[in-house]
Structure formats: structure tokens, C-alpha cells
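Take a look at the letters that make up each chain.
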Amino acid sequence: MAYINEHFLKLKAGYLFPEIGRRVNEFTQANPDKAPGLIRCGIGDVTEALPEAVIEALHAAVDEMGNRKTFRGYAPELGYEFLREAIAEHDYAARGMDISADEIFVSDGAKCDSANILDILGSQNRIAITDPVYPVYLDTNVMAGHTGPADDAGLFEGIIYLPCTDANDFVPAIPEEKADLIYLCYPNNPTGATATKAQLSAWVDYAKANDSIILYDAAYEAFIQDADVPHSIFEIEGARDCAIEFRSFSKNAGFTGTRCAFTVVPKGLAAKDAEGHDHSLHALWGRRVATKFNGTSYPIQRAAAAVYTEAGQTQVRSLIDHYMGNAKLLREAAANAGLEVFGGTNAPYIWVKTPNGTPSWDIFDKVLNEAAVVITPGAGFGTAGEGYFRISAFNSRANAEEVAQRIGAMAW
Ligand code: MLT
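Rules and cut-offs
- Residues numbered from 1 in each chain as written.
- Predicted model: local features only at pLDDT ≥ 70, side-chain atom pairs only at ≥ 80, totals over all residues.
- Heavy atoms only, no water.
- Helix = DSSP H or I, 4+ residues; strand = E, 2+ residues; numbered from the N terminus.
- Rg over C-alpha atoms; globule rule 2.2 N^0.38 Å.
- Buried < 20%, exposed > 50% of the residue type's maximum accessible area, 1.4 Å probe, protein only.
- Salt bridge = Lys/Arg side-chain N within 4 Å of Asp/Glu carboxyl O.
- Core = buried A, V, L, I, M, F, W, Y, C linked by side-chain atoms within 4.5 Å.
- Domains from an automatic or database assignment.
- Contact = heavy atoms within 4.5 Å.
- Disulfide = S-S within 2.5 Å.
- Lys, Arg positive; Asp, Glu negative; His and termini not counted.
- Polar contact = N/O pair within 3.5 Å; in protein donor to acceptor, adjacent residues only side chain to side chain.
- Near = heavy atom within 4 Å.
- Pairing = 2+ DSSP bridges.
- Expected span 1.5 Å × (residues − 1).
- Buried area = accessible area lost by both parts, 1.4 Å probe.
- Nonpolar A, V, L, I, M, F, W, Y, C, P; charged D, E, K, R; others polar.

A.B. asks: Just checking my understanding: could you explain the overall build of the protein for this structure?
C.D. replies: For the protein, the count of helices and strands is 12 helices and 15 strands. The C-alpha radius of gyration of the protein comes to 21 Å, within 12% of the 22 Å expected for a compact globule of 412 residues. Principal-axis analysis of the C-alpha atoms gives the protein an extent of 60 × 55 × 55 Å. Across the 412 residues of the protein, 53% fall into the buried class.

A.B. asks: Is there a simple way to think about the pattern of salt bridges in this case?
C.D. replies: Opposite charge on two side chains makes pairing possible when the charged atoms of those side chains draw close. Summed over all chains, the structure comprises 20 salt bridges. When the shortest N-O distance is used, the salt bridge between K178 and D180 registers 3.1 Å. According to the relative accessible area criterion, D180 is buried, its value standing at 17%. For R247, the salt bridge is made with E221, and the minimal N-O distance between the two is 3.4 Å. Here E221 lies in the loop between β6 (213-217) and β7 (243-248) and R247 lies in strand β7, a separation of 26 residues in the sequence. On the accessibility criterion, R247 (3% relative accessible area) is buried.

A.B. asks: What is the right way to read the nonpolar core from this model?
C.D. replies: For soluble globular proteins, the rule of thumb is that nonpolar side chains tend to be buried together. Ranked by size, the top nonpolar core spans 99 residues in total, and within it F249 and F255 carry the most contacts. With 9 residues, the single largest contributor to this core is helix α10 (residues 310-336). No fewer than three residues from each of domain 1 (12-49 + 312-409) and domain 2 (55-309) sit in this core. In contact with F255, not counting residues within four places along its chain, are L50, V54, F249, S250, C260, I300, A303, A304 and V307. The next biggest cluster of nonpolar side chains, apart from the first, holds 32 residues, and it includes L11, L118, Y183 and L269.

A.B. asks: Looking at this model, I keep getting lost on the state of the cysteines. Mind explaining?
C.D. replies: In protein chemistry, a disulfide is the covalent bond that joins the sulfur atoms of two cysteines. Under the counting rule described, the total for this entry stands at 0 disulfides. Looking at C164, it has no disulfide partner, and the nearest cysteine sulfur is the one in C185, 10 Å off. On the accessibility criterion, C164 (3% relative accessible area) is buried. Of all cysteine sulfurs in the structure, the one in C185 sits closest to C242, which takes part in no disulfide; the separation is 17 Å.

A.B. asks: I would appreciate a short explanation of the side chain of D131 in the present structure.
C.D. replies: Mapped onto the fold, D131 is located in strand β3 (residues 127-131). The charged side chain of D131 is buried without a salt bridge, its nearest counter-charge being R390 at 13 Å. Within the structure, the side chain of D131 is placed 3.0 Å from the backbone nitrogen of A384, a separation counted as a polar contact. Apart from the residues within four sequence positions on either side, D131 is in contact with L155, Y161, L162, P163, C164, F381, G382, T383, A384 and G385.

A.B. asks: Explain the site of the ligand to me, please; I cannot follow it from the model alone.
C.D. replies: Contacts to the ligand come from F17, I43, G44, Y134, N189, Y220, K251, Y349 and R390. Measuring from an oxygen atom of the ligand, one finds a backbone N or O atom of G44 at 2.6 Å. Within the contact set of the ligand, an oxygen atom lies 2.6 Å away from a side-chain nitrogen or oxygen of Y134. Two domains each provide a minimum of three residues to the shell around the ligand, namely domain 1 (12-49 + 312-409) and domain 2 (55-309).

A.B. asks: Help me out: how do you make sense of the sheet that holds strand β15 (residues 388-392) in this one?
C.D. replies: Each strand in a sheet pairs with its neighbour through backbone hydrogen bonds, running either in the same direction (parallel) or in the opposite one (antiparallel). Spatial ordering of the open sheet is given by β11-β12-β15-β14, a layout of 4 strands whose pairing is antiparallel. At either margin of the open sheet sits one strand with a lone partner, and together these are β11 (341-343) and β14 (376-377). Where strand β12 (residues 349-353) lies against β15, 5 bridges are found, and the strand directions are antiparallel. Looking at β15, one finds that W351 is bridged to R390.

A.B. asks: I tried to follow α10 on my own but got confused; where do I start?
C.D. replies: Because each turn of an α-helix spans 3.6 residues, side chains separated by three or four positions in sequence point in the same direction. Counted at 1.5 Å a residue, the expected span for α10 with its 27 residues is 39 Å, and the 39 Å between its end C-alpha atoms agrees. G312, V316, L319, I320, H322, Y323, M324, N326, A327, L330, A333 and A334 are the residues of α10 that are buried. Positive backbone phi, approximately 90°, marks G338, located one or two places after α10.

A.B. asks: How should I be thinking about the domain arrangement of the protein in this particular structure?
C.D. replies: Where the parts come together, the accessible area they lose is often given as the size of the interface. The domain architecture assigned to the protein consists of domain 1 (12-49 + 312-409) and domain 2 (55-309). Here the C-alpha centre of domain 2 lies 25 Å away from the C-alpha centre of domain 1. Between domain 1 and domain 2, the contact holds 34 residues from the first and 39 residues from the second. Of the roughly 2,900 Å² buried at the junction of domain 1 and domain 2 (both faces included), carbon and sulfur atoms supply 57%. In this assembly, domain 1 and domain 2 are joined by 1 salt bridge. Of the charged contacts in the structure, one is a salt bridge between K353 and D166, with a shortest N-O distance of 2.9 Å. Viewed at the interface, domain 2 and domain 1 are joined by 14 residue pairs in polar contact (both at pLDDT 80 or more). Taken together, the elements giving at least two residues each to the side of domain 1 that touches domain 2 come down to α10, β11, β12 and β15. Top contributing element to the side of domain 1 that touches domain 2 by residue count: α10, with 8 residues. Split into classes, the residues belonging to the side of domain 1 that touches domain 2 amount to 17 nonpolar, 11 polar and 6 charged.

So this is what it looks like as C-alpha cells:
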């Protein structure tokens with residue numbers, strides 16, 4: 001007899017994006033005439049080609065792999081030195097942060113890392129999660145058995161939910177109770193909000209006071225336009241003692257289909273065993289990665305390193321400008337249609353209040369049926385996401401213009 005991990009059975013609906021895909025397939029099958037004009041602003045998947053510098057580096061690395069003299073086998077599990085050094089220099093030292101190359105673990109995705117990190121963290125941790133939230137943080141804790149069942153509202157027993165609404169500018173208040181692990185993501189997916197240095201400092205102070213760890217997702221930092229918005233949790237004093245950061249090449253350099261990311265675990269960061277003794281999370285994560293991962297492929301790491309060349313930086317900037325130009329168009333179109341809009345100024349997501357409190361899956365169906373546009377219903381990100389929907393700015397300019405026009409033409 002083989003048994004399943006029954007914690008999976010607590011997850012009621014499917015993962016959000018496959019569920020959207022299922023509904024969209026139903027729509028296109030029922031409306032073959034509308035299918036060709038369908039525009040997807042649902043999942044935040046990039047649409048523009050990889051930067052030229054990245055393509056050149058990929059080609060060159062593939063040629064190296066095709067020659068016995070320059071061929072490489074297994075990559076170092078933790079990442080090639082050339083990429084870790086480039087990340088440390090450009091993403092951290094250049095912004096005044098003290099993160100060394102050997103605190104950077106190269107991987108094939110921030111989604112996987114933010115899920116896999118639970119391997120090294122105990123099941124007795126009390127978990128705090130923002131609501132709405134990128135579903136991976138919550139679902140992976142459910143799968144790992146860190147929660148009880150969900151109630152009728154979809155809230156899982158044992159989770160400390162941190163509501164993020166327009167009333168708190170989508171940055172959660174510090175909770176009264178003690179959380180051991182806190183998931184934060186800024187610029188935020190799905191709300192497009194940012195957190196100020198003062199707000200993040202309050203979280204770092206809380207984490208230090210409670211011996212907690214902040215799991216900080218900065219996958220969208222490249223979209224920040226305002227000079228005073230922090231790009232990393234490590235810009236905050238004291239964060240080296242209480243934070244792990246996840247970053248990705250997916251959204252800035254278009255690597256959603258190419259796969260490269262990294263996680264920063266400071267060397268001094270520790271958590272306790274049951275007897276209260278400290279253990280290095282850097283060492284445990286290194287052990288976990290070395291055991292379960294054989295490294296991101298050499299050509300992909302070369303491609304990622306090319307992002308940090310002068311040409312790469314210029315090309316990435318123009319990709320960001322492109323998507324943020326789309327965000328401006330979409331944001332303005334929704335506002336001009338009389339909708340209340342948030343985000344979209346330092347992030348590629350526009351977070352829109354549904355008119356008259358309409359449930360967000362109803363708005364999803366309405367926008368799909370009336371405008372042939374796929375958005376993401378806020379409820380898919382958590383109960384506090386109900387009453388909102390998300391428009392992704394990842395698209396061609398022509399599609400963003402068309403969506404803006406269709407949003408304007410709809411009877412909301
Ligand atoms: C999203 O749409 O929320 C993201 O694309 C999902 C992801 O990055 O995995």
C-alpha cells in the first residue's frame with residue numbers, strides 16, 4: 001500500500017493560473033470567433049524577446065559546450081563564481097549593501113526557491129503571510145503540513161494572515177502575535193504596491209525582537225521607478241540578521257522560459273533547533289541545494305551574467321521601460337473608465353477595485369466574455385484579494401493599447 005501526502009487534499013481549488021487557463025480554454029472552445037482576438041493579461045509572463053546581450057552569451061556558451069576543450073559537465077550546485085560575483089557587485093555592492101558572492105545561491109527559479117526553503121525550516125514555525133499573496137507561499141506551507149484545514153472562507157488554520165488593503169496601502173501592519181516566518185514581497189505581487197524603508201525597518205525590528213526570519217521576495221525590484229523605494233531587504237539595517245531574499249531574472253530580463261534566479265542567505269543568519277541551539281541557515285540551505293539540485297546549466301548562467309554587462313543593463317532597462325509604459329496605459333485606461341486603481345507605477349501589475357463590490361471571479365468572466373481579455377481575479381490571491389482584480393502589464397505595446405481601448409469601451 002502506498003499513501004499520499006494528505007496535506008495536499010486541504011488545497012481546495014487548483015493552483016490559480018492553471019484554473020484561469022481552464023476557464024480560458026472553455027471560453028475559446030465555446031467562442032471560436034473570439035479566440036483569435038483574446039489578449040492575456042492574467043499570469044505575469046513576459047512577452048518580449050530576450051535581450052541581445054543575453055542571446056549572444058547563450059550562443060557563445062552553447063558553442064563552448066560543443067567543443068571538447070571548453071565543454072562543461074555538472075555546474076557547481078551553488079552557481080558559477082562568475083555569476084555570483086556579478087550579482088554581488090551589481091545588485092548589492094553598487095547599492096551599498098554588504099552581500100558577498102558566497103552568500104548567493106544560483107537556481108532555476110524564485111518560485112522553486114521560495115517553495116523549497118521550507119525544507120530547512122521547522123514545522124513548528126508560526127507562519128505569517130500577507131493577504132492577498134503570491135499563492136506559492138501559502139500553498140507550499142499547506143503541502144508541508146504547516147497548517148490545519150481551510151475554513152469556509154478559505155482561511156487556513158494556523159496561518160497568521162496579514163491583510164493588505166487600500167486602507168493600509170497594501171503594506172501589512174505589524175501583528176500583535178509572534179510569527180516565526182514572515183513572507184513579504186515588494187514591489188508586491190499582486191497589488192503592485194511598494195514598501196518604504198521605514199515600513200521595512202519596522203518589519204526588520206519586529207523580526208529581530210522575535211527571533212523571526214523574513215522571507216523577502218524581490219522578484220520585481222527592477223520595475224521600481226522612484227528613487228527612495230528600497231530594492232532589497234538588505235538595504236535595511238539589521239536585515240542580515242533576520243532575512244533571506246529571493247530574486248529572479250524572469251521579469252527583468254525575460255527569463256520566464258529560460259529559468260535563472262538566486263537566493264541570498266547571509267552567513268550569520270541562524271534559526272534554532274528544539275533545544276534552542278542556533279544553526280546556520282546558510283549552511284543548511286547549502287546542504288539542501290547540494291543534495292537536491294545539480295545546478296543551473298552553464299549556458300543559462302552565462303546568459304544571466306550577460307544581464308550585468310553594459311549592453312545587457314541598457315537592454316534590460318529598455319525592456320522595463322516597455323512594460324512600465326504598458327502599465328501606465330492600462331492604469332490610465334482603468335482610471336478613465338471610472339475604476340479605482342492601485343499599483344502600476346513601480347511594478348508591472350495594476351490592482352483594480354471591482355465596481356460596486358462585484359465578486360472578482362464575476363469580473364473575470366465579464367472581462368473575458370465582453371472584452372476577450374484575461375485578467376486575474378483578486379480572490380485567487382486570498383480572501384483579502386476579493387473585491388479586486390489584477391491586470392498584468394506584460395504584453396506587446398499593441399496589445400496593451402488594445403486592452404486599454406477595450407477596458408474603456410466596457411460598461412462597468
Ligand atoms: C504571477 O502572475 O503572479 C507570476 O507570473 C507568477 C510567477 O511568477 O510564478
